[in-house]
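Coordinates in review
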Amino acid sequence: MEILRLDAPKPSLCDRIYVLGATLKAFRGQRHVETHIIRHGATEEELAALRGKGLVAPPDPSMPAALLEGATEDRALRCLLEAFTAEESEALAAWLERRYADRIEKLVICPLELPVPLGVGPLGEIPEGGQTGFIRFDAAPGYALPFAARAFYDLSAHAPEEASPQGPQNT
């Protein structure tokens, strides 16, 4: 499992700045599945602590007005609440490497660009069903980290796994 880390600029506007992405070797009949790992279960107190800190910028001018309907500062801040601190991202990377090194091709840990633009929303609000869903790492046996971590996937963005002449391969 390859792990790529990019450090956040110092000083950062927020401790929760790191996002994780994992490429799974195979998942539900698809190969090279990209996932976005989020910190799940933020509290209202955590949201309140981020308000008024200049962490939300005006919307990207290229964003269609229809996508900005219902956009709020709180929704944008909830994106930050899905990010990890440096310590959390390293602890999660270590756990993923111990538990899933044979199933993950690459793990990328990188900082969000701050401030986040108005109009973005948290991945955790995307409904599950059909081709989209969440892998609940926090429900896996042996998960003992003090925060919930989940990986969002969208299988419609991936090609089906190629059939092997020897039959299915266990990757």
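These remarks concern the structure in this document. What you are looking at is a predicted structure, and each value in this text was computed from that prediction instead of being measured.

This part covers the overall build of the chain. What the chain contains, in helices and strands, is 4 helices and 8 strands. Counted from the first residue to the last, the chain has its helices and strands arranged as β-β-β-α-β-α-α-α-β-β-β-β. Along the first, second and third principal axes, the C-alpha set of the chain runs to 60 × 35 × 25 Å. Per-residue burial over the chain gives 35% buried out of 171 residues. Within the chain, residue pairs in contact and separated by at least 24 positions form 76% of the contacts whose partners lie at least 6 positions apart. Surface accessibility of the chain: about 9,700 Å² in total, with carbon and sulfur atoms responsible for 54%. Once the 17 positive and 25 negative side-chain charges of the chain are each reduced to a mean point, those two points are 5 Å apart.

A complete count under the given rule lists 7 aromatic pairs for this structure. Consider the rings of W95 and F137, whose centres lie 6.1 Å apart with planes at 70°: the pair is edge-to-face. With W95 in helix α4 (residues 86–100) and F137 in the loop between β7 (132–136) and β8 (148–154), the pair connects residues that are 42 residues apart, well separated along the chain. In this pair, the class of W95 matches that of F137, namely buried. Taken together, W95, Y100, F137 and Y143 form an aromatic cluster joined through their ring pairs.

With that settled, consider the nonpolar core. Grouped together as the largest cluster of nonpolar side chains are 28 residues, with contacts concentrated most on I37, L92, W95, L96, L107 and F137. When sequence neighbours within four positions are dropped, the list of residues in contact with W95 reads Y100, F137, A140, G142, Y143 and L145. In this structure, C14, L50, L55 and A76 belong to the second largest nonpolar core, which totals 9 residues.

This paragraph deals with the side chain of R150. Examined against the element boundaries, R150 turns out to sit in strand β8. Judged by its relative accessible area of 16%, R150 falls in the buried class. Looking at R150, its side chain comes within polar contact range of the side chain of H40, at 3.2 Å. When sequence neighbours within four positions are dropped, the list of residues in contact with R150 reads H36, I37, I38, H40, F134, I135, R136, F137 and D138.

Spatially, 6 strands are ordered β1-β5-β2-β3-β8-β7 in an open sheet, and the strand pairing comes out mixed. In the strand order of this sheet, the two ends are held by β1 (2–5) and β7, each with one partner. For this sheet the average axis-to-axis angle between neighbouring strands, irrespective of direction, equals 25°. Along the sheet, α4 makes contact with β1, β2 (18–27), β3 (30–40), β5 (104–111) and β8, crossing β5 at roughly 180°.

Further remarks concern the pattern of salt bridges. In this structure the tally under the stated criterion is 9 salt bridges. The partner of E46 in a salt bridge is R39, with the nearest N and O atoms 3.6 Å apart. By relative accessible area, which is 25% here, E46 ends up partly exposed. Among the residues examined, R39 registers a relative accessible area of 12% and is labelled buried. We note a salt bridge from R39 to E88, for which the minimum N-O separation is 3.1 Å.

On to unusual backbone geometry. Of note, the amide linkage connecting K10 to P11 takes the cis form, showing an omega dihedral of -10°. In this chain, L114 is followed by P115 through a cis amide linkage whose omega measures -5°. Along the chain, P115 turns up in the loop between β5 and β6 (116–117). Phi is positive for R28, which is not a glycine, with a value near 50°.

Parameters and conventions
- Residues numbered from 1 in each chain as written.
- Predicted model: local features only at pLDDT ≥ 70, side-chain atom pairs only at ≥ 80, totals over all residues.
- Heavy atoms only, no water.
- Helix = DSSP H or I, 4+ residues; strand = E, 2+ residues; numbered from the N terminus.
- Buried < 20%, exposed > 50% of the residue type's maximum accessible area, 1.4 Å probe, protein only.
- Contact = heavy atoms within 4.5 Å.
- Areas by Shrake-Rupley, 256 points an atom, 1.4 Å probe, with all protein chains shown as cover.
- Lys, Arg positive; Asp, Glu negative; His and termini not counted.
- Charge placed at Lys NZ, Arg CZ, Asp CG, Glu CD.
- Phe/Tyr/Trp six-rings, centres within 6.5 Å; stacked < 30°, edge-to-face > 60°.
- Core = buried A, V, L, I, M, F, W, Y, C linked by side-chain atoms within 4.5 Å.
- Polar contact = N/O pair within 3.5 Å; in protein donor to acceptor, adjacent residues only side chain to side chain.
- Pairing = 2+ DSSP bridges.
- Axes fitted to C-alpha atoms, helices over the stretch in contact; angles between N-to-C directions.
- Salt bridge = Lys/Arg side-chain N within 4 Å of Asp/Glu carboxyl O.

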